[in-house]
Structure formats: structure tokens, C-alpha cells
Amino acid sequence: LGFFVNTSWSPEGSRLVTSIRDTQARRATMVTVGLAGDETPLGEASNEMGFTSWLSDGVVFVARGVGGLATGGGGQIWMQPYPQGAPRRLTNDLIDYRSSAVPGDGKSIISVGLDANPVLWTIPLDGKGEPQKLPSMRYDGTFGVSWGLDGQVMFTSPVRGALQIWAMNLDGSNRRALTTEGSNGWPSLSRDGRFVA
């Protein structure tokens, strides 16, 4: 199983749905289980999958990376039609949803979301100076930070749901995106300053 996982009963009480994580493949899927123990896969795999709540026409679930789609660091709430169909994303924001539940009338969802406010800091190695907060935007560096050339800092920041690598001076000036395609995180500058991995 995964982290923040639960089971949910189907409306008529004949099946359970839960998420299962393959730790070797680092992929999660949903499965329904009948009262006789029969298992049926449901929906697409994702990077991580958690809480499930069964509706009359599908399952609401929390997941990261459904169908290979990067969703930054946060879990988002999705709806998986039952018995089949393409999943539909219900939330699209920077909140990291951890759980969800649907009441009996199926008209709303309640969820717990983590809304972090990380910022960049410099800290002296000798322990004699005070940590200095850098001018940064919300979520800067959450998925990686590194020194750049000439005392600049490289960091990740989300752009339209995908992580990109940015650079800026320590005073916040000259902020610019180094990557614009795909999803990129955990930057590391080569020793000669020519490449970023």
C-alpha cells in the first residue's frame, strides 16, 4: 500500500476500492475487490495514489502523476469513472491534498490540504552569521536548489503545473527561467559551469 491510503465501499456495498503501490516499480494503481475476494484493476497508474471515495458513477481519489502527468509536488484530487473511462482532474493548484471523502449524497468533497510557503535562505557554514532570507516567490526551491555561476542561485519553481529550473542573483534581481519544456527539478551545475543536470 501507499502513504495516506484508505478503502471505500461501493454505493451498493458489494465492492471495496483501494490504491496499491508497487514499491519496486514506484507506481500506484487502484483496484476494486469483491466480497468473494475477486480483484479488478481500475483506471491508470500514477506515481503515488492515496485516499479513495466511491460515488455512484466513479471513484474520487488523491494522486500525483496520473498517466505520467507531472503535478508538481502536490497530490491533486481526481475522479475515475466506474467501471471504466479516462480519469478527470478535479483540482489544479499548488495545494498538496492528502485525503478526501465524499458524503452519502455525493454532492461535495471534503479534503485535507497542505499549503506550504517555502522560501530560499542562505546560511553561513561557520555558524557565526544569521541566516538570510532571499527574495523569492512561493514554492521556489521546493524541488531543488543549487549554486549557479558568479554567486547566483539556481532553484525550481512551478510554471503552469510543471517544475522548471530558474536562476537569480542573491538580491532577487535577474530572475530568469533556465528550462521551459517538460518538468525539471533538483538542479546541479557542472564544475566548469557549462551544464546543468
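What you see is a predicted model, and the numbers here were worked out from it, not measured in a lab. All residue numbers refer to positions counted from 1 along the written sequence of the respective chain. Predicted model: local features are reported for residues with pLDDT of at least 70 only, side-chain atom pairs are reported and counted for 80 or more only, and whole-chain, interface and lining totals are derived from all residues. Hydrogens are left out, water is left out, and the side-chain values use all remaining heavy atoms of the structure.

Q: Hey, could you go over the sheet that holds strand 6 (residues 58-64) for me, with residue numbers and the actual values?
A: One open sheet holds the four strands; their spatial order is 5-6-7-8, and the pairing between them is antiparallel. Strand pairing shows two members of the sheet lacking a second neighbour, strand 5 (48-54) and strand 8 (88-89), which therefore form its edges. Pairing between strands is defined by DSSP: at least two bridges between the two strands are required. In this text, helices come from DSSP runs of H or I with a minimum length of four residues, and strands from runs of E with a minimum of two, each type numbered from the N-terminal end.

Q: Now, about the packing of aromatic side chains: what can you tell me, with residues and values included?
A: Centres within 6.5 Å make a pair out of two Phe, Tyr or Trp rings, where for Trp the six-membered ring is used; the pair is then stacked when the planes are under 30 degrees apart, edge-to-face when over 60, and tilted otherwise. Taken as a whole and judged by the stated rule, the model has two aromatic pairs. Taking the centre distance of 5.0 Å and the plane angle of 70° together, the rings of Trp54 and Tyr82 count as edge-to-face. With Trp54 in strand 5 and Tyr82 in the loop between strand 7 (76-81) and strand 8, this residue pair connects regions lying 28 residues apart in the sequence. Looking at Trp54, the relative accessible area reads 10%, which means it is buried. For the pair Phe143 and Trp186, a centre-to-centre distance of 6.1 Å together with 75° between the ring planes defines the contact as edge-to-face. One end of the pair, Phe143, is in the loop between strand 12 (132-133) and strand 13 (145-147); the other, Trp186, is in the segment after strand 16 (176-177), and 43 residues separate them in sequence. Residue burial is assigned from relative accessible area. The probe radius is 1.4 Å, only protein chains are included, and a residue is buried under 20% of its type maximum, exposed over 50%, and partly exposed in between. Given a relative accessible area of 58%, Trp186 falls into the exposed group. Note that Arg175 overlies the ring of Trp166, its terminal NZ or CZ placed 4.9 Å from the centroid. Any Lys NZ or Arg CZ found within 6 Å of a ring centre and within 35 degrees of that ring's normal is scored as a charge over the ring.

Q: Before we move on, can you summarise the sheet that holds strand 1 (residues 7-9) with the specific residues and values?
A: By way of backbone hydrogen bonds, the strands of a sheet pair with one another, either parallel or antiparallel. Pairing in this open sheet of four strands is antiparallel, and the strands run 1-2-3-4 from one edge to the other. One side of each edge strand has no neighbouring strand; the edge strands of this open sheet are strand 1 and strand 4 (39-46). Strand-to-strand, the axes of this sheet are offset by a mean angle of 25°, without reference to chain direction. Of the pairings in the sheet, the one linking strand 1 to strand 2 (residues 15-22) comprises three bridges and is antiparallel in character. Across the sheet, residue Thr7 finds its bridge partner in strand 2, namely Thr18. Helix axes are fitted to C-alpha atoms over the stretch in contact, other axes to C-alpha atoms as well, and angles between N-to-C directions run from 0 to 180 degrees.

Q: Tell me about the pattern of salt bridges, and name the residues and values.
A: For salt bridges, the criterion is a side-chain nitrogen of Lys or Arg within 4 Å of an Asp or Glu carboxyl oxygen. Tallied over the entire structure, the rule returns six salt bridges. In this structure, Arg64 engages Asp96 in a salt bridge whose closest nitrogen and oxygen atoms are separated by 2.9 Å. Of the two residues, Arg64 sits in strand 6 while Asp96 sits in strand 9 (residues 96-101), which places them 32 residues apart along the sequence. You can call Asp96 buried: its relative accessible area is 10%. Asp192 is paired through a salt bridge with Arg194; the nearest N and O atoms lie 3.8 Å apart. Arg194 sits in the exposed class, given a relative accessible area of 62%. The structure contains a network of salt bridges with shared partners spanning Glu48, Arg64, Asp96 and Arg98.

Q: An account of unusual backbone geometry is needed here, citing residue identities and associated values.
A: Residues Tyr82 and Pro83 are joined by a peptide bond in cis, for which omega reads 15°. Looking at the secondary structure, you find Pro83 in the loop between strand 7 and strand 8. In this model, Asp150 sits at a positive phi of 50°, which is unusual for a non-glycine residue. According to the relative accessible area criterion, Asp150 is exposed, its value standing at 82%.

Q: Describe the side chain of Ser19, and please don't skip the residues or the numbers.
A: With respect to the helices and strands, Ser19 occurs in strand 2. Classification of Ser19 by relative accessible area gives buried; the value is 1%. By the criterion applied in these results, polar contacts are pairs of N or O atoms within 3.5 Å in which, for protein atoms, one can donate a hydrogen and the other can accept it, and in which residues neighboring in sequence qualify only through two side-chain atoms. Looking at Ser19, its side chain comes within polar contact range of the main-chain oxygen of Met49, at 3.3 Å. A distance of 3.3 Å separates a polar atom in the side chain of Ser19 from the backbone oxygen of Gly50.

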